[in-house]
Every structure is written in structure tokens, then in C-alpha cells.
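Listed below, chain by chain, are the residues.
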Amino acid sequence: MTEPRALTRPKTLVPVVLFDMDDTIFDHSLTCRDALDRIRTEYPEFAGRRLEEVWGEYGRLLGVTHVDVMLGRRASEVVRAERFVRLAEWAGRPISLARADEVSRVYREHYQALRRPVEGAPELVRRLHRDHTIGVVTNNTVAEQTEKIAFLGLESAIDALVTSEEIGAAKPDARIFHRALERTGGRPEGAVMVGDSWGSDIVGARAAGIRPIWFNRFRLPRPEAREVAEIRSFRPARRVEELLAGP
Ligand SMILES: [Mg+2]
């Protein structure tokens, strides 16, 4: 005799939800684009290129140079000024390090003034925190990410912050995820990781045995044909909660 199938099997509650910070909760990319737009109007060295080009090249340079900052090896101000030297070279209008230092400081002021969360993210984190333990796993410094959490008003909704600077290893290294599980009291099978970076968040979560959810708001092509849940917006939050409950 076969067992009757349960028609209303309760969904499993995933106890731990881990989030990436930049471009998942905090809107780095669009803040960066808007700050660069201001720089283009204030500094003629960067005005000859379209905003989308400058933004793309800045993002590429950030990808190349951010590793020293996220592991705490070099100060972000120094690396940012050097990035503007390289950006000006790319734009065909080389500048001195002193000039780049000024541009960098002005850029930072604009960035801080224009920054904002990813749409729907803070509300989602607060909502999930009612039933889940929330961790942030991020390739950045403790000081910078702690300040962002305060800016977003999420201090009481985030139970653990784990940064690459503190661990000395960056995503996709599984060690940073293992530490996040320790801090949140979670197990890999009882956790999900939500993040925008396939290379860091999806690959890293899988390496640690954690189910990933790809936050793909810019509708990028999928780098691998692997079955990974994908979400393009945090609204409505109910849809995200369904995904958390499992496929
Ligand atoms: Mg990210």
C-alpha cells in the first residue's frame, strides 16, 4: 500500500538569510553613476565621454583595484584617487595625482549626498527579520559597511556583518560564508544567500553549500546555465519570501 501524498506539505522555513550589501541592499551602482555625472559637468577632463562609457570604465577600474581595499591592505581614499588618474588617462586627458585627489574628494562628497538603498531592499530585510536571522556577507571594510547599515537604518534588522577585511578572504572564498553561518547560528542547508554578483555571491554560496538566489535587477545574461533562482526586484516582498521557502 502506498502512502497517501500530503497535499498541503508545509513549506520549510529557512532560518538564516544572508545578503550581499553593495548593489543588493545598498545601491552602489546607480549612486556611482549619478556622482560621475556630476564630475563630468564639473571637470572637463571627463566631459568628452558619454556618461555610460565613464560609468562602465569606472566600474571596470573598481573591479580591478577594489581588492586591496576590501582586504584592508590599502586606504580607499588613496586607491580612489589613483582610479581617477587611470580614468583620466582612459578619457585621453591625463591628470596629476593632486588633481585626481581633488576629483576623488568631490566625487566622494557627491556619492555620499546621492546614495540610496536598492528599491525595496531595506523593507524586505526588516520584514524577513521578523522570522529569520539576517546576515550580511560583503567584500568591503568593516567601517564602510557599518556606516552604510546605519545610513540605511538597518542596525536592528541585521544580526551579523561579515566583511572580507575582517576575515582576510573575499567572496567567493567559502571561508567568509562559513564565518557568516557561525555568527548567525545557521547551517548551510538552512540558509540562503541573496546577492547580485554571480562570481562572488552565487559561486561563493554554492562553494559553502548554501542555496543562492541571484538578484539580477539589470537583467544581465546568466553566466552559467546552472539552475539558480533569480529575482529582478525585491517588490513584491511576498515573491522573495516564496523563493526563500525553496523551489
Ligand atoms: Mg554586490
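Residues numbered from 1 in each chain as written. Predicted model: local features only at pLDDT ≥ 70, side-chain atom pairs only at ≥ 80, totals over all residues.

Turning to the overall build of the protein chain, a few remarks are in order. The secondary structure content of the protein chain amounts to 10 helices and six strands. In terms of overall dimensions, the protein chain is globule-like: its C-alpha atoms have a radius of gyration of 20 Å, near the 18 Å expected for 247 residues. Counting only C-alpha atoms, the protein chain reaches 80 × 30 × 30 Å along its principal axes. Here the protein chain holds 247 residues, and the buried ones make up 36% of them. Look at the contacts in the protein chain between residues 6 or more apart in sequence, and 63% of them connect residues 24 or more apart. (Helix = DSSP H or I, 4+ residues; strand = E, 2+ residues; numbered from the N terminus. Rg over C-alpha atoms; globule rule 2.2 N^0.38 Å. Buried ≥ 20, exposed ≤ 12 C-beta atoms within 10 Å, placed from the backbone. Contact = placed C-beta atoms within 7 Å.)

Turning our attention to helix H1 (residues 28–42). Every α-helical turn comprises 3.6 residues, leaving residues that sit three or four positions apart pointing alike. With 15 residues, H1 should cover 21 Å at 1.5 Å per step; its first-to-last C-alpha distance of 21 Å lies within 8% of that length. Residues of H1 that are buried sit in contact with helix H2 (51–70) and helix H4 (97–114). (Expected span 1.5 Å × (residues − 1).)

Spatial strand order, E3-E2-E1-E4-E5-E6: six strands in an open sheet with parallel pairing. Looking at which strands have only one partner, the edges of the open sheet turn out to be strand E3 (160–163) and strand E6 (229–231). Averaged over neighbouring strand pairs, the angle between their axes works out to 25 degrees when direction is ignored. One ladder, built from four bridges, connects strand E2 (residues 133–138) with E3; its direction is parallel. Bridge pairing in E3 places Gly 135 opposite Ala 160. Set on the sheet, helix H9 (residues 198–207) makes contact with strand E4 (191–195) and strand E5 (211–215); between it and E5 the angle comes to about 165 degrees. Each of strand E1 (16–19), E4, E5 and E6 is contacted by helix H10 (residues 237–244), which is oriented at about 170 degrees to E6, the strand it contacts most. (Pairing = 2+ DSSP bridges. Axes fitted to C-alpha atoms, helices over the stretch in contact; angles between N-to-C directions.)

Time to look at the environment of Gly 120. Among the secondary structure elements, Gly 120 is positioned in the loop between H4 and helix H5 (121–128). Along the backbone, Gly 120 and Glu 42 are 78 residues apart, and their C-alpha atoms lie at a distance of 32 Å. Contacts of Gly 120, omitting those with residues within four sequence positions, involve Ser 233, Phe 234, Arg 235 and Ala 237.

What follows concerns the nonpolar core. Generally speaking, soluble globular proteins have nonpolar side chains that are buried together. In this structure, Val 17, Leu 18 and Val 192 are the most contacted members of the largest nonpolar core, which totals 41 residues. In this view, Val 17 contacts Leu 128, His 132, Ile 134, Val 192, Val 194 and Leu 244; residues no more than four positions away in its chain are not counted. Counting 15 residues, the second largest nonpolar core, distinct from the first, contains Tyr 43, Phe 84, Leu 87 and Tyr 107. (Core = buried A, V, L, I, M, F, W, Y, C linked by C-beta atoms within 7 Å.)

Here we come to the domain arrangement of the protein chain. Taken as a whole, the protein chain is organised into domain 1 (16–27 + 118–244) and domain 2 (29–114). Using C-alpha coordinates to define each centre, domain 1 is positioned 26 Å away from domain 2. Counting residues at the interface gives nine residues for domain 1 and seven residues for domain 2. Considering only residue class, the side of domain 1 that touches domain 2 consists of one nonpolar, five polar and three charged. (Domains from an automatic or database assignment. Nonpolar A, V, L, I, M, F, W, Y, C, P; charged D, E, K, R; others polar.)

It is worth spelling out the packing of H2 against helix H3 (residues 76–90) at this point. With their axes 10 Å apart at the nearest point, H2 and H3 run at an angle of 150 degrees to one another. As judged from the angle between their axes, H2 and H3 are roughly antiparallel. The two elements H2 and H3 meet at a crossing, and its hand is right-handed. Counting all contacts with H2, which are made through Glu 57, Tyr 58, Leu 61, Leu 62, Thr 65, Asp 68 and Val 69, the residues of H3 involved are Ser 76, Val 79, Glu 82, Arg 83, Arg 86, Leu 87 and Trp 90. (Parallel < 35°, antiparallel > 145°, perpendicular 65-115°, else oblique. Left-handed = near helix turned anticlockwise from the far one by under 90°.)

Okay, the confidence of the model for the protein chain next. The predicted model of the protein chain averages 93 in pLDDT, with 95% of residues at 70 or higher. Here residues 1–11 is a poorly scored stretch, pLDDT under 50, and it has two contacts once near neighbours within four places are set aside; other chains count. (pLDDT = per-residue confidence, 0-100.)

On to the environment of Tyr 58, then. Along the polypeptide, Tyr 58 turns up in helix H2. Tyr 58 sits 29 residues away from Leu 87 along the chain, and the two C-alpha atoms are 6.7 Å apart. Excluding residues that lie within four positions of it along the chain, Tyr 58 makes contacts with Cys 32, Leu 36 and Leu 87.

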